[in-house]
Amino acid sequence: SQTIHQWPATLVQPVGSPLSLECTVEGTSNPNLYWYRQAAGRGLQLLFYSVGIGQISSEVPQNLSASRPQDRQFILSSKKLLLSDSGFYLCAWSGRQGSYNEQFFGPGTRLTVL
Amino acid sequence: AQKVTQAQTEISVVEKEDVTLDCVYETRDTTYYLFWYKQPPSGELVFLIRRNSFDEQNEISGRYSWNFQKSTSSFNFTITASQVVDSAVYFCALKSNTGTASKLTFGTGTRLQVTL
């Protein structure tokens, strides 16, 4: 069966510090991968998605970047965090087009920028 | 452009009551998919159901049931005999049948609080 991992689970970082969140998927090949952010009490905002290694699409301009160095690894980064980067970050995967395309989510990383 | 509206921000019910969560969507696509997710206090989103636009048959899974009506662009979710463990935020989502990535448009969620 497929599983998706995210780490760290929680993170407290000072403004201006760098960020690296990691997501890995097991039990599937060639997944589509996604990064979402959920601000406190808000809905989900799609940040990035990837359909393959090295292929990154950004949905909204922001202080963050994403990379996919391996087929089942998706990394969210920032060089300098802002207060507004605080939130709950969720990674998700889905099958390739032709499948039913529901997304399956990881446990999330709760980021607090002070 | 696609849009999903969950007009109910928060609902409170007493255990064993039935509750319906509303979802209204907008899309110009003739083929699309609708989803419901549950987000318990732990934060992880749990996939509940997918419905294809060409299949309007309603579905029941235990205490959960879903009513899909294309005529009103609605995909409502009913929990029968609610339990405290049903307390969570529920999200409705929409995906069109285009593109290589399964990009979902989420509603803003409905927080359900079930009390004893």
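Now for a quick tour of the structure. What you see is a predicted model, and the numbers here were worked out from it, not measured in a lab. (Residues numbered from 1 in each chain as written. Chains lettered and ligands numbered in written order. Predicted model: local features only at pLDDT ≥ 70, side-chain atom pairs only at ≥ 80, totals over all residues. Heavy atoms only, no water.)

Topic: the overall build of chain A
Working step 1: Helix and strand counts for chain A come out as zero helices and 11 strands.
Working step 2: Counting helices and strands in the order they occur from the N terminus, chain A gives β-β-β-β-β-β-β-β-β-β-β.
Working step 3: Taking 13 Å as the expected radius of gyration for a compact globule of 114 residues, we find that chain A reaches 14 Å, a close match to that expectation.
Working step 4: Within chain A, buried positions represent 49% of all 114 residues.
Working step 5: Taking all contacts inside chain A whose residues are at least 6 apart in sequence as the whole, residues at least 24 apart take part in 55%. (Helix = DSSP H or I, 4+ residues; strand = E, 2+ residues; numbered from the N terminus. Rg over C-alpha atoms; globule rule 2.2 N^0.38 Å. Buried < 20%, exposed > 50% of the residue type's maximum accessible area, 1.4 Å probe, protein only. Contact = heavy atoms within 4.5 Å.)

Some words on the overall build of chain B
Working step 1: Scanning chain B from terminus to terminus reveals zero helices and 12 strands.
Working step 2: Scanning chain B from its N terminus toward the C terminus, one meets helices and strands in the order β-β-β-β-β-β-β-β-β-β-β-β.
Working step 3: On the principal axes, the C-alpha backbone points of chain B span a range of 45 × 30 × 20 Å.
Working step 4: Nonlocal contacts in chain B, meaning residues at least 24 apart in sequence, comprise 55% of its contacts between residues at least 6 apart.
Working step 5: Here chain B has roughly 5600 Å² of accessible surface; of this, 47% comes from carbon and sulfur atoms.
Working step 6: Positive and negative side-chain charges in chain B, numbering 11 and 12 respectively, have mean positions lying 7 Å apart. (Areas by Shrake-Rupley, 256 points an atom, 1.4 Å probe, with all protein chains shown as cover. Lys, Arg positive; Asp, Glu negative; His and termini not counted. Charge placed at Lys NZ, Arg CZ, Asp CG, Glu CD.)

Points about the state of the cysteines
All names here are of chain A.
Working step 1: For the structure shown, the criterion picks out two disulfides over all chains.
Working step 2: The disulfide partner of Cys23 is Cys91, and the S-S distance across this bridge is 2.0 Å. Across the disulfide from Cys23 to Cys91, rotation about the S-S bond amounts to roughly -75 degrees, and the bridge is consequently left-handed. With Cys23 in strand β3 (residues 19-26) and Cys91 in strand β9 (residues 87-94), the pair connects residues that are 68 residues apart, well separated along the chain.
Working step 3: Owing to a relative accessible area of 1%, Cys23 belongs among the buried residues under this scheme.
Working step 4: Look at Cys91 and you get buried, because its relative accessible area is 0%. (Disulfide = S-S within 2.5 Å.)

Regarding the side chain of A:Ser94
Working step 1: Residue position: A:Ser94 is located in strand β9.
Working step 2: In terms of polar contacts, A:Ser94 uses its side chain to reach the side chain of A:Tyr34, at 2.8 Å.
Working step 3: Dropping the residues within four chain positions of it, A:Ser94 is found in contact with A:Pro31, A:Asn32, A:Tyr34, A:Asn101, A:Glu102, A:Gln103 and B:Ser102. (Polar contact = N/O pair within 3.5 Å; in protein donor to acceptor, adjacent residues only side chain to side chain.)

Quick notes on the nonpolar core
Nonpolar side chains tend to gather and get buried jointly when the protein is soluble and globular.
Working step 1: Core analysis: the largest hydrophobic core is formed by 23 residues, its most contacted members being B:Trp36, B:Phe75, B:Phe77, B:Tyr90 and B:Leu112.
Working step 2: Mapped onto this core, the elements with two or more residues apiece are β2 (10-14), β3 (19-21), β5 (32-39), β8 (64-69), β9 (74-79), β10 (88-96) and β12 (110-115) of chain B.
Working step 3: Of all the elements, β10(B) adds the most residues to this core, at four residues.
Working step 4: Counting residues in each nonpolar core, the second largest holds 20 residues, with A:Leu11, A:Tyr89, A:Cys91 and A:Trp93 among its members. (Core = buried A, V, L, I, M, F, W, Y, C linked by side-chain atoms within 4.5 Å.)

Quick notes on the interface of chain B and chain A
Working step 1: Taken together, the 23 residues of chain B in the interface contact 23 residues of chain A.
Working step 2: The interface formed by chain B and chain A contains two salt bridges.
Working step 3: Between A:Glu59 and B:Lys103 there is a salt bridge; the shortest N-O distance is 3.2 Å.
Working step 4: Across the chain B-chain A interface, the total number found is four residue pairs in polar contact (both at pLDDT 80 or more).
Working step 5: Put simply, the parts of the chain that give the side of chain B that touches chain A at least two residues each are β5, β6 (46-52) and β10 of chain B.
Working step 6: Considering every element that reaches the side of chain B that touches chain A, the biggest residue donor is β5(B), with four residues.
Working step 7: Among the residues forming the side of chain B that touches chain A, the class breakdown is nine nonpolar, 10 polar and four charged. (Salt bridge = Lys/Arg side-chain N within 4 Å of Asp/Glu carboxyl O. Nonpolar A, V, L, I, M, F, W, Y, C, P; charged D, E, K, R; others polar.)

Focus on the packing of aromatic side chains
Working step 1: Summed over all chains, the structure comprises 21 aromatic pairs over all chains.
Working step 2: Measuring from ring centre to ring centre gives 5.7 Å for A:Tyr36 and B:Phe106, while their planes differ by 90 degrees; the resulting arrangement is edge-to-face. Of this pair, A:Tyr36 sits in strand β4 (residues 32-38) while B:Phe106 is found in strand β11 (residues 105-106), placing the two residues in two different chains.
Working step 3: Given a relative accessible area of 1%, A:Tyr36 falls into the buried group.
Working step 4: On the numbers, 5.4 Å between centres and 85 degrees between planes, the contact of A:Phe105 with B:Tyr37 is edge-to-face. On the criterion of chain membership, the pair formed by A:Phe105 in strand β10 (residues 104-105) and B:Tyr37 in strand β5 is interchain, its members lying in two chains.
Working step 5: The exposure class of A:Phe105 is buried, given its relative accessible area of 3%. (Phe/Tyr/Trp six-rings, centres within 6.5 Å; stacked < 30°, edge-to-face > 60°.)

So yeah, pure geometry; function would need other evidence.
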